[in-house]
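# Examination of the molecular architecture
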Amino acid sequence: MKDRRDESASEVATVPAKATQAASGQAQDWAWIDRSVWTERMLAALDNGVKGSKWFSLIDKVYRPQTLAGAWEQVKANKGAAGIDGQSCERFAADAERYLGELAQELKEGRYRAAAVKRVEIPKAGGKMRPLGIPSVKDRIVQAAVKRVIEPIFEKDFMPTSYGFRPGRGCKDALREVDALLRRGYTHVVDADLQSYFESIPHARLMERIEERISDGRLLELLAGWLQQDIVQGLRRWTPAGGTPQGAVISPLLANIYLHPLDERMAQQGYAMGRYADDFVTLCPTAERAGKALQEIKAWVEANGLSLHPEKTHVGDGGIKGQGFDVRGYVLEAGRRWVRKKSLMALKDKIRAKTRRTRGDSLARIVADLNPLLKGWYGYFQHACRWEFPAVDGFIRRRLRAMLRKHEKRPGFGRCQADHRRWPNAYFAAQGLFTMTDARWLASQSRCG
């Protein structure tokens, strides 16, 4: 990064030193909840508190027809592959009313049992593979229904510094918070990552934390049953000793429940920590304070049956070149934002897949296929240093020139000057190709105006 030109990052509003986004006692926005489950009376109880801080009699809200129907719509919209039973969303949709009725009856009578989880491995950056659990469609529906019922109970307590897999929050919120703290001088950073977190959450301790807020025995049995679901991969079948399967609808909520005490502890100690699932950064004004924060995190992690990733956890000064740290696809370093190398490589892999030289589609169709990907990627990374974008645009045009040569049955990869003259940048612009460099320039002009 040393050979890149300097550029100031876009300005953002400053935040309090402890990185809290909402004032204590501020009314919560419940616009996202399922109103067929959470009535005004229940919301009032949620705001005012319930006896013993525990909720009873929730299972009837899970198997209510409206809840299961809403959960099915959610699962159908997310699509996803078939589980171990081979039933796809399309097959379920063919007789959804009957299947939902059967599910409701099984839940009501206590006969529902979850099927095993099919495990597959999907590629991730660096040539490694990520395990992904695929529950059956029916199990995904029941998990979505349970999540609709219990999520507000835990959302009421979650800290404002937790951003991952929460309604109304996302990557940009976490990035905005971290950027603001850096501008306030909190440049000493503990960049931490939990090793194999979703596979190592201790079941018994997780259930204890759930039971602090929920006392419905049948609903607790559902949650415990999902933690104990057998996993099938090829000819292998086993029962997990810990963790929640990545890919299960309920897993992100359970993961946040388990790490909530860490959020509380760091806030009580006065640390400005931003967490996105199992990835979190703590920003401090001094190196000494950052060192103490790391010790605090290590102590909590070890006491709770987890471990920090040795290669992805470090302490550095984000204000110095060479000591940048990752936040949701960005690298923040010396007052600037760069796109993380893994994020760039992931984009290029997707572009390669859409621009194979053997693809026989017209240029217009290829551009129409590319543009949604490019616009979405730019929409997230538009605040990176502007020097990132010309190289990406050039890479895309080289791929397209190589395709055009192939269509004419000519060898080569579209890198010679003759090809640039034959198919200049303006040619692709006339075909409607989205260009990140132009989009960034237009955005800067609108800010100046």
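Residues numbered from 1 in each chain as written. Predicted model: local features only at pLDDT ≥ 70, side-chain atom pairs only at ≥ 80, totals over all residues. Heavy atoms only, no water.

## Observations regarding the packing of helix α5 (residues 96-109) against helix α6 (residues 137-155)
In the contact formed by α5 and α6, the axes pass within 11 Å of each other and the chain directions differ by 60°. As judged from the angle between their axes, α5 and α6 are oblique. Handedness of the α5/α6 crossing: right-handed. Residues Y99, L100, E102, L103 and L107 of α5 lie in contact with α6, whose contacting residues are K138, I141 and V142. Grouping the constituent residues of the contact of α5 with α6 by class yields six nonpolar, no polar and two charged. (Axes fitted to C-alpha atoms, helices over the stretch in contact; angles between N-to-C directions. Helix = DSSP H or I, 4+ residues; strand = E, 2+ residues; numbered from the N terminus. Parallel < 35°, antiparallel > 145°, perpendicular 65-115°, else oblique. Left-handed = near helix turned anticlockwise from the far one by under 90°. Contact = heavy atoms within 4.5 Å. Nonpolar A, V, L, I, M, F, W, Y, C, P; charged D, E, K, R; others polar.)

## Topic: the sheet that holds strand β2 (residues 129-134)
Here we have four strands laid out as an open sheet, ordered β2-β1-β4-β5, and mixed in their pairing. Both outer strands of the open sheet, β2 and β5 (236-238), are each paired with one neighbouring strand and no more. Sheet twist, expressed as the mean angle between neighbouring strand axes with direction ignored, is 30°. As paired strands, strand β4 (residues 231-233) and β5 are joined by three bridges and run antiparallel to one another. In the sheet register, I231 faces β5, and the bridge partner there is W238. (Pairing = 2+ DSSP bridges.)

## A look at unusual backbone geometry
Here S57, not a glycine, exhibits a phi torsion of approximately 50°, which is positive. Within the secondary structure layout, S57 lies in the loop between α1 (40-48) and α2 (59-62). Classification of S57 as exposed rests on a relative accessible area of 51%. Unusually for a residue other than glycine, F165 sits at a positive phi of about 55°. Mapping F165 onto the fold places it in the loop between α6 and α7 (171-183). A residue is classified by how much of its surface remains accessible, and F165, at 44% relative accessible area, is partly exposed. (Buried < 20%, exposed > 50% of the residue type's maximum accessible area, 1.4 Å probe, protein only.)

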